[in-house]
Amino acid sequence: MIDRTAIVAEALMTASTLYTEVGDRVWSPIAPAKGFDGTQSSIVFHQSDASSHPTGATNSATFEFKCYGDNNTYTKARTVFRLLYDRLQQLTETMSSGSIIMATLDNDFQLEPEPETNHKAHLASFTILFTG
């Protein structure tokens with residue numbers, strides 16, 4: 001079985017301008033209770049759906065990415081989103097945990113401030129095709 005979440009996490013934490021911005025502050029499916037205060041550039045992501053080829057040779061999944069900026073502004077959250085887009089859009093790459101055949105942006109939008117914390121985030125949805 002293809003571990004889609006592990007492949008995406010590895011893709012996000014591979015050397016790139018995105019990694020330079022967020023480092024290892026990439027979490028799935030939720031941010032840790034300690035160490036995350038919404039004022040660090042970071043990404044929290046989860047898989048929202050998936051399907052498999054009958055043979056299991058390929059999988060397709062949709063992932064939601066919540067992008068946070070380092071100064072808790074929408075401007076910086078969009079900057080992190082743009083770096084995510086630059087990293088994932090049309091990505092074809094093999095990593096130790098598996099391969100991404102293709103990633104494409106489905107949609108993105110600014111979220112309302114989070115009710116309890118007032119964290120500001122930008123949400124993006126990508127469909128990603130994987131092979132093991």
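Here the structure is shown first, and the text comes after it.
Starting from 1, residues in each chain are numbered consecutively following that chain's sequence as written. Owing to the predicted nature of the model, reporting of local features is limited to residues with pLDDT of at least 70; listing and counting of side-chain atom pairs is limited to 80 or more, with chain, interface and lining totals taken over all residues. Side-chain calculation: all heavy atoms of the structure are included, whereas hydrogens and water are not.

Participant: Could you give an account of the pairing of strand β2 (residues 42-52), with specific residues and numbers?
Facilitator: Strand pairing is assigned whenever DSSP identifies at least 2 bridges connecting the two strands. A run of DSSP states H or I qualifies as a helix once it reaches four residues; a run of E qualifies as a strand once it reaches two. Both are numbered from the N-terminal end. Here two bridges tie strand β1 (residues 26-27) to β2, and the two strands are oriented parallel to one another. The residue of β2 that forms the bridge with Val26 is Ile43. In the sheet, β2 pairs with strand β3 (residues 58-68) via 10 bridges, with the strands oriented antiparallel. Across the sheet, residue Phe45 finds its bridge partner in β3, namely Phe65. Hairpin geometry of β2 and β3 is characterised by an intervening segment of five residues between the two adjacent antiparallel strands and by a positive phi of about 80 degrees at Gly56.

Participant: Before we move on, can you summarise the side chain of Ser99 with the specific residues and values?
Facilitator: Considering the arrangement of structural elements, one finds Ser99 in strand β5 (residues 98-110). Polar contact criterion, stated in full: a pair of N or O atoms within 3.5 Å, where within protein one must be able to donate a hydrogen and the other to accept it, and residues adjacent in sequence count only if both atoms are side-chain atoms. Engagement of the side chain of Ser99 in a polar contact is seen with the side chain of Thr94, the distance being 2.9 Å. Note on contacts: a residue pair is in contact if any heavy atoms of the two residues lie within 4.5 Å. Apart from the residues within four sequence positions on either side, Ser99 is in contact with Ile7, Glu93, Thr94, Leu129, Phe130 and Thr131.

Participant: Just give me the short version of the sheet that holds β2, but keep the residues and values in it.
Facilitator: Read from one edge of the open sheet, six strands run β1-β2-β3-β6-β5-β4, paired in mixed fashion. Two strands bound the open sheet, and with one partner strand each, they are β1 and β4 (93-95). Where β5 lies against strand β6 (residues 121-131), 10 bridges are found, and the strand directions are antiparallel. Paired with Leu105 across the strands is Phe126, a residue of β6. Helix axes are fitted only over the stretch in contact, all axes being lines through C-alpha atoms; the angle between N-to-C directions runs from 0 to 180 degrees. Packing against the sheet, helix α1 (residues 4-12) makes contact with β1, β2, β3, β4, β5 and β6, and its axis sits at approximately 145 degrees to β2. Packing of helix α3 (residues 74-88) onto the sheet brings it into contact with β2, β3, β4, β5 and β6, and relative to β6 it is tilted by some 10 degrees.

Participant: Can you explain unusual backbone geometry? Please cite residues and give values.
Facilitator: Note on backbone geometry: most residues besides glycine have negative phi, and most peptide bonds are trans. Along the chain, Ser28 connects to Pro29 via a cis peptide bond; the corresponding omega equals 0 degrees. Residues other than glycine seldom take positive phi values, yet Asn72 does so here, at roughly 55 degrees. Mapped onto the fold, Asn72 is located in the loop between β3 and α3. Residues other than glycine seldom take positive phi values, yet Gln90 does so here, at roughly 60 degrees. Looking at the secondary structure, you find Gln90 in the loop between α3 and β4. Residue Gln90 is classed as exposed on the basis of its relative accessible area of 56%. Three labels apply to residues, based on accessible area from a 1.4 Å probe with only protein chains included: buried if under 20% of the type maximum, exposed if over 50%, partly exposed otherwise in between.

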